[in-house]
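Results of the structural survey
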Amino acid sequence: MQEIEFYLVDAFSEVSFGGNPAAVCPLPEWLPDETLLRMTREHNQSETAFFVRHKGGIELRWFTTNGEVNLCGHATLATAWVLFNELDYPDARIHFDTASGRLTVTREGDWLTLDFPACPSEPQIPPPEMLNALGIQHYVEARKGRAWVIVLESREQVEAVTPDINAMTPGEHKVSITARGEGEYDFVSRFFSPGAALWEDPVTGSAHTMLIPYWSEKLNKTSLFARQVSARGGDVRCELKGDRVLMSGRASLYMKGHLFLR
């Protein structure tokens, strides 16, 4: 029997039941991919992060219940929170080796900052089937990067979208809808990816790699404050630095314990 530490962390939230939950499992060495996937399905969270520490650094991988993904912001934030707060990581900066290259997380008080590559997007005409599934008839702009970005007129329109999730698969299913913010928020968004078992992702770091460059250009500012207006919701401090984006958030531990593999 193998015993593995387990943490469930609400990323991009300082309180329980907010932000985006992620399971985090430190491993002494890599298990077979099929075992990692079965563990992820047992956890039944939007993402499970697995990491292995070795002399050269920390290798980090992310899985949804459908399989491995090549980038996940909130599970990276959750992993860094575990290392800093539960596993006594000694430095203020962590480097992760991932499928998307080396990713860095720094700590300043309660805020953790992800340093990710920016994802450019370009104007494209979205598939009518995707718009119909989202229930969107009119939009301001549509772009395509690592996923679709559909710009709407207002926060109210973003919050009002009620997609037909089944109609979004197996076609174009990864889409961020966004609008200019109000008050303290520069922009708001929601993200859907039902083909990756994420019907609506509560707070999505990877989507912000597209949104930050877009809104930085539109608003003519490099530092922004964003809100993902899902049911759980979460705040993201954003900064564009050349071809990199910085995304800062807080996190809250919900559960910890041990898993037993037989």
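Our subject is the structure that appears above.
Read on for an overview of the structure. (Residues numbered from 1 in each chain as written. Predicted model: local features only at pLDDT ≥ 70, side-chain atom pairs only at ≥ 80, totals over all residues. Heavy atoms only, no water.)

1. Description of the overall build of the protein chain
Each helix and strand counted, the protein chain has six helices and 18 strands in total. Taking 262 residues into account, the globule formula puts the C-alpha radius of gyration at 18 Å, and the protein chain, at 18 Å, falls close to it. Viewed in the frame of its principal axes, the protein chain has a C-alpha envelope of about 55 × 40 × 30 Å. Of all 262 residues assigned to the protein chain, the portion counted as buried reaches 56%. (Helix = DSSP H or I, 4+ residues; strand = E, 2+ residues; numbered from the N terminus. Rg over C-alpha atoms; globule rule 2.2 N^0.38 Å. Buried < 20%, exposed > 50% of the residue type's maximum accessible area, 1.4 Å probe, protein only.)

2. Quick word on the state of the cysteines
Counted according to the given criterion, the structure contains zero disulfides. Lacking any disulfide linkage, Cys-72 is separated from the closest cysteine sulfur, that of Cys-25, by 14 Å. Here Cys-119 is not cross-linked by a disulfide; its sulfur's nearest cysteine counterpart is in Cys-238, at 15 Å. In this structure Cys-119 comes out as buried when scored by relative accessible area, which is 13%. (Disulfide = S-S within 2.5 Å.)

3. A closer look at the environment of Ser-216
The residue Ser-216 is located in helix H6 (residues 205-219) in this model. It is 47 Å that separates the C-alpha atoms of Ser-216 and Leu-261, two residues lying 45 residues apart in sequence. Apart from residues lying up to four places away in sequence, Ser-216 is in contact with Lys-221, Thr-222, Leu-224 and Leu-240. Side-chain polar atoms of Ser-216 contact the backbone oxygen of Lys-221, separated by 2.6 Å. (Contact = heavy atoms within 4.5 Å. Polar contact = N/O pair within 3.5 Å; in protein donor to acceptor, adjacent residues only side chain to side chain.)

4. Some details on the pairing of strand S10 (residues 141-144)
Across two bridges, strand S9 (residues 122-123) lies against S10 in antiparallel orientation. Following the sheet pairing, Glu-122 is matched in S10 by Lys-144. Between the end of S10 and the start of strand S11 (residues 148-151), which pair antiparallel, lie three residues. (Pairing = 2+ DSSP bridges.)

5. Some remarks on the nonpolar core
Trp-62, Leu-83, Ile-94, Phe-96, Phe-187, Ile-212 and Trp-215 are the most contacted members of the largest nonpolar core, which totals 52 residues. With eight residues, the top contributor of residues to this core is helix H2 (residues 73-85). Residue contacts for Leu-83: discarding those within four places in its chain leaves Phe-51, Arg-53, Ile-58, Asp-88, Tyr-89, Ile-94 and Phe-96. Among the nonpolar cores identified, the runner-up in size contains 19 residues, and Met-130, Ile-136, Val-158 and Met-168 belong to it. (Core = buried A, V, L, I, M, F, W, Y, C linked by side-chain atoms within 4.5 Å.)

6. Some words on H2
For H2, spanning 13 residues, the distance from its first C-alpha to its last is 18 Å, which sits close to the expected 18 Å at 1.5 Å a residue. In terms of burial, H2 is largely enclosed, as twelve of its 13 residues are buried. Taken together, the buried positions of H2 are Gly-73, His-74, Ala-75, Thr-76, Leu-77, Ala-78, Thr-79, Ala-80, Trp-81, Val-82, Leu-83 and Phe-84. (Expected span 1.5 Å × (residues − 1).)

7. Some details on the packing of aromatic side chains
Following the criterion strictly, the structure yields six aromatic pairs and no others. Ring plane angle 80° and centroid distance 6.0 Å describe the contact between Phe-84 and Tyr-89, whose orientation is recorded as edge-to-face. For the pair shown, Phe-84 and Tyr-89 are each scored as buried. Through a chain of ring-to-ring contacts, the aromatic side chains of Phe-187, Tyr-214 and Trp-215 assemble into a single cluster. A cation sits over an aromatic face here: Arg-237 above Trp-111, 3.6 Å from the ring centre. (Phe/Tyr/Trp six-rings, centres within 6.5 Å; stacked < 30°, edge-to-face > 60°. Lys NZ or Arg CZ within 6 Å of the ring centre and 35° of its normal.)

8. Observations regarding the pairing of strand S12 (residues 175-180)
In terms of burial, S12 is largely enclosed, as five of its six residues are buried. Sheet topology note: the S11/S12 ladder contains four bridges and is parallel. Across the sheet, the residue bridging to Trp-148 is Val-175, located in S12. Where S12 meets strand S13 (residues 187-193), six bridges bridge the pair, whose relative direction is antiparallel. Directly across from Ser-176, in S13, lies its bridge partner Phe-191. Linking two consecutive strands that pair antiparallel, namely S12 and S13, is a turn of six residues; a positive phi of about 60° is found at Gly-183 within it.

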